[in-house]
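Read off the chains here:
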Amino acid sequence: MTRSIRLGSGAGYSGDRIEPAVELAEHGDIHYLVFECLAERTIALAQQARRRDAEAGFDPLLETRLRAVLPICAAKGIRIVTNMGAANPLAAARKTAAIAQELGLSGLKVAAVLGDDVHDAVLAGDHRFEESGTPVAALGDRVISANAYLGAGPIVEALATGAQVVITGRAADPALFMAPLMHEFGWSFDDHARLGQGTVVGHLLECAGQITGGYFADPGFKDVPGLARLGFPIGEVSDNGDVVISKVAAAGGQVTTATCKEQLLYEIHDPKRYLQPDVVADFTGVSIESVGADRVRVVGGRGTAPTGTLKVSVGYVDGYAGEGQISYGGPGAVARARLALDIVRERLQLTRVQSSELRFDLIGVDSLHGGRLSQRAAEPYEVRLRVTARCETLAEATRIGNEVETLYTNGPAGGGGVFRSAREIVAVQSVLLPSALIRSRVEVIGA
Amino acid sequence: MKLRTLAHSRTGDKGDTSNISVIAYDPGDYERLCREVTAARVQQHFAGLVHGKVTRYELPGIAALNFVMTFTLGGGVTRSLALDAHGKSLSSALLDLELPEEGGA
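Caption draft 1: Structural view of the sheet that holds strand S13 (residues 302-304) of chain A. Residues and elements named next belong to chain A. Spatially, the three strands line up as an open sheet ordered S9-S10-S13, and their pairing is antiparallel. Each of the sheet's edge strands pairs with one partner strand only, and the pair in question is strand S9 (274-275) and S13. By the bridge criterion, three bridges tie strand S10 (residues 280-282) to S13 in an arrangement that is antiparallel. Looking at S13, one finds that Val280 is bridged to Thr304. Most of the contacts of helix H8 (residues 192-205) go to S13, to which it runs at about 125 degrees, and overall it touches S9, S10 and S13.

Caption draft 2: The sheet that holds strand S8 (residues 243-246) of chain A, seen in detail. All names here are of chain A. An order of S11-S12-S8-S7-S1-S2-S3-S6-S4-S18 is seen for the 10 strands of this open sheet, with the pairing classed as mixed. At either margin of the open sheet sits one strand with a lone partner, and together these are strand S11 (287-292) and strand S18 (441-446). In this sheet, neighbouring strand axes are inclined to one another by 20 degrees on average, regardless of whether the strands run parallel or antiparallel. Relative to strand S2 (residues 32-35), strand S1 (residues 4-11) runs parallel, the two sharing four bridges. Looking across to S2, one finds that Leu7 is bridged to Tyr32. Here helix H7 (residues 173-185) sits on the sheet in contact with S1, S2, strand S3 (79-82) and strand S7 (234-238), set at roughly 160 degrees to S1.

Caption draft 3: Region of interest: helix H6 (residues 153-160) of chain A. Residues of H6 of chain A that are buried: Pro154, Ile155, Val156, Ala158 and Leu159 of chain A. Gly162 of chain A, located one to two residues past H6 of chain A, shows a positive phi value of around 90 degrees.

Caption draft 4: Inspection of the confidence of the model for chain B at higher detail. Mean pLDDT over chain B stands at 95; residues scoring 70 or higher make up 97%. Taken over the whole predicted complex, pTM reads 0.96, whereas the ipTM for its chain interfaces reads 0.96.

The rules behind these values
Residues numbered from 1 in each chain as written. Chains lettered and ligands numbered in written order. Predicted model: local features only at pLDDT ≥ 70, side-chain atom pairs only at ≥ 80, totals over all residues. Pairing = 2+ DSSP bridges. Helix = DSSP H or I, 4+ residues; strand = E, 2+ residues; numbered from the N terminus. Contact = placed C-beta atoms within 7 Å. Axes fitted to C-alpha atoms, helices over the stretch in contact; angles between N-to-C directions. Buried ≥ 20, exposed ≤ 12 C-beta atoms within 10 Å, placed from the backbone. pLDDT = per-residue confidence, 0-100.

Here it is, written out as structure tokens:
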């Protein structure tokens, strides 16, 4: 029997466009709609929100997204999988059930995947950060959150309950897509080759528009039509894992071998060892071929047994960032901006502003790639000075922007458009925990 | 000749590590990319930006290279004070790499 499952990718990050997901639900002929909405730091920020309000801490756009697609998905039997639960999947599930009821969608079952929150376990043991080697416990109450990247297991379990909407907190992004395939095709957790290709499918789809021509255009070299109406991708997956990536025909953008190759290597290190909770995926045997207009076939992902540890993202308060910016234009703009830079540098010393890291950039000159790569470029018409620093306290961070602002009346001629800010830095580092320490579970809420 | 005429590229970030793909438009140019765009060449191109090591991975099946650069992103997107904290614009800097003109091969 050759059966295929059509997965739609409805969001590539928390703030992504809403209409492409609606378009997929209406015209994509899809079975599942997956929303990947959690960046590295998102859960830590959501955990701070949850501390202020026990029913908060899930994605702020959950309601908007679900109101837009739930009626269509319910009518067509499209199931939704999303990590919009962030720091509070259970509250997100309750909210979803309430929205469904309001929309008159009675009997909608919503499942929450729990257990990614390992805050206590990480603080209890002798765990050290992979990046810095320092012990997590040394951060004490600066630790905000610790969440393990769950695999497909609990999502498959949630789908088996018959839930139409499955909401997770932290889970490996590809697992959000692989779980429906495992559920539909009955793939086993021992079938590492299949899970390797399943990871390829999830990895290609998880950033939504980044495979349909988004984040790709380079006029004259890579032209993409209709980016304002960019369509999000559909993965048409066979029971052996082979996938054809496509989009709704009328949507903007394009699916080509080039867009698929860029996305395959996005955020990948060793392509032979892409570490996932359920598999170590190997992308080196992947082949990518065009099989029609905006249709690209991707096959050949393989895999080996997982490492037995799960990555845990730990969010913590890492001081405060102060920032100030000011612009100069016209003849001599760069010289005046450099003079302004020297003045601020001297002022910060004179007034003894305490910082552990201080950075000066000329936006339009050297802010992206530094002074060396930009040194041969022609002088720009206008330039913007940017001063940033890492400080121990908010008060100290505030002084950075204030010093830039004083350039209005004390600095070089013609400076304008001052912007200043001071904010708490919530940083993320990772820890590896033995998979056996993590107990996930599923809770179902009926509307 | 600029690398940009032969290849396209996308940058990704994980913590303080940046990865940049270099993908041949024409698979026939893959061998040339392997020869010219070495890890050492990329390390030199990004001197002052990459504070760790550059590792190159080869994907002949899709005519692509993947460069992984450690200690490059000012501590990572969540900590960095940089304007482009993800380092997303680095792919464009790599495509500016000058390649020697070739007669044969």
